[in-house]
Amino acid sequence: MADPGGSRPVTVSDVQQLVKRKDEIEAQIKAYYELLGQKGVGMTEPLVDAEDFPRGDIDIYEVRTARHNIISAECVLRKNAEVYLASAPCVLMVSPPGLQNDHKALMKQVEEALHQLHAREKEKRARDEAEALAEARSQSQPQAFARVNAVTPGSPASISGLQVDDEIVEFGSVNINNFQNLQNIATVVQHSEGRPLSVTVIRGGRKVHVGLTPKRWAGKGLLGCNIIPLQR
């Protein structure tokens, strides 16, 4: 029996091809999920750390690609499922009773899968928007409040990678919003002796993250660098 659009009748073979294609896509999705599992992440974990920097413990490009491929494959699966749902009534008219029951059961599974896919796509959009906002925030240029104007070779500051003319935007808990004077930095240094501090600087127009551990060394102080406030 031909469909209303005048094309050739839908056959059992047509549905079998759709189901075969569905199985192939599901196998691809499973493989990508296994890849994410090997990386220790899934579809929901953020790709930036608590300070909005790209995570260094995973291959972000590979994870993004796997997630993208999963979503793309699920979209194809959803479209194929919609085609199946549209064609299933015609197929039932030419199918034996046993196959009709199989189709009914499969249609129910496909409908349930569609609901799950729609919900997953909604969650993905919300997650993508949140990640885009986090990345935009991490890539924005925050305001510096101090500048490094001297670094002694061999000092903790030098070992950490701090350089002359680095402009400091974050020094531990100190930032542009709570910085009052250099005593704020001195207090953080004194309370962090022997423990790594997160320091963020602007260097050559780019934001650079440095791990600085204040400690005693052959020279004076715990850092071996000189910091001056910026005049705005």
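Criteria and thresholds
- Residues numbered from 1 in each chain as written.
- Predicted model: local features only at pLDDT ≥ 70, side-chain atom pairs only at ≥ 80, totals over all residues.
- Heavy atoms only, no water.
- Helix = DSSP H or I, 4+ residues; strand = E, 2+ residues; numbered from the N terminus.
- Contact = heavy atoms within 4.5 Å.
- Buried < 20%, exposed > 50% of the residue type's maximum accessible area, 1.4 Å probe, protein only.
- Arc of directions from axis to C-beta.
- Polar contact = N/O pair within 3.5 Å; in protein donor to acceptor, adjacent residues only side chain to side chain.
- Salt bridge = Lys/Arg side-chain N within 4 Å of Asp/Glu carboxyl O.
- pLDDT = per-residue confidence, 0-100.

### A word on the overall build of the protein chain
A count of helical and extended segments in the protein chain gives five helices and six strands. Taken from N to C terminus, the helices and strands of the protein chain fall in the order α-α-α-β-α-β-β-α-β-β-β. At a minimum sequence separation of 6, the contacts of the protein chain that also span at least 24 residues come to 64%.

### Digging into helix α5 (residues 182-190)
Among the residues making up α5, those that are buried are N184, I185, V188 and V189. Around the axis of α5, the buried residues are gathered within 135 degrees of arc, so they sit on the same side. At its buried positions, α5 is contacted by β2 (167-171), β3 (174-175), β4 (197-203) and β6 (225-229). In this structure N181 caps α5, since a side-chain oxygen of it lies 3.0 Å from the backbone nitrogen of Q183.

### Observations concerning the environment of S160
Relative to the elements of secondary structure, S160 occurs in helix α4 (residues 156-160). Overall, the relative accessible area of 19% leaves S160 in the buried class. Put simply, S160 and L212 are 52 residues apart on the chain and 5.3 Å apart in space, counted from C-alpha to C-alpha.

### Looking at the pattern of salt bridges
Within the structure shown, the criterion is met by four salt bridges. The partner of R67 in a salt bridge is E45, and the shortest N-O contact between them spans 3.9 Å. On the criterion of sequence distance, the pair formed by R67 in helix α2 (residues 60-93) and E45 in the loop between α1 (12-39) and α2 is long-range, its members being 22 residues apart. The class for E45 is partly exposed, based on a relative accessible area of 29%. Ionic pairing is found between D165 and R147, a salt bridge with its closest N-O pair at 2.9 Å. Here D165 is found in the loop between α4 and β2, whereas its partner R147 is found in strand β1 (residues 146-151), with 18 residues between them in sequence. Among the residues examined, D165 registers a relative accessible area of 47% and is labelled partly exposed.

### Quick look at the confidence of the model for the protein chain
Averaged over all residues, the pLDDT of the protein chain is 78; the fraction at 70 or higher stands at 71%. Under a pLDDT of 50 for its full length, residues 1-6 has, in the predicted model, seven contacts with residues more than four places off or in other chains. Contacts for the low-pLDDT stretch residues 88-100, under 50 throughout, to residues beyond four places or in other chains number 17 contacts.

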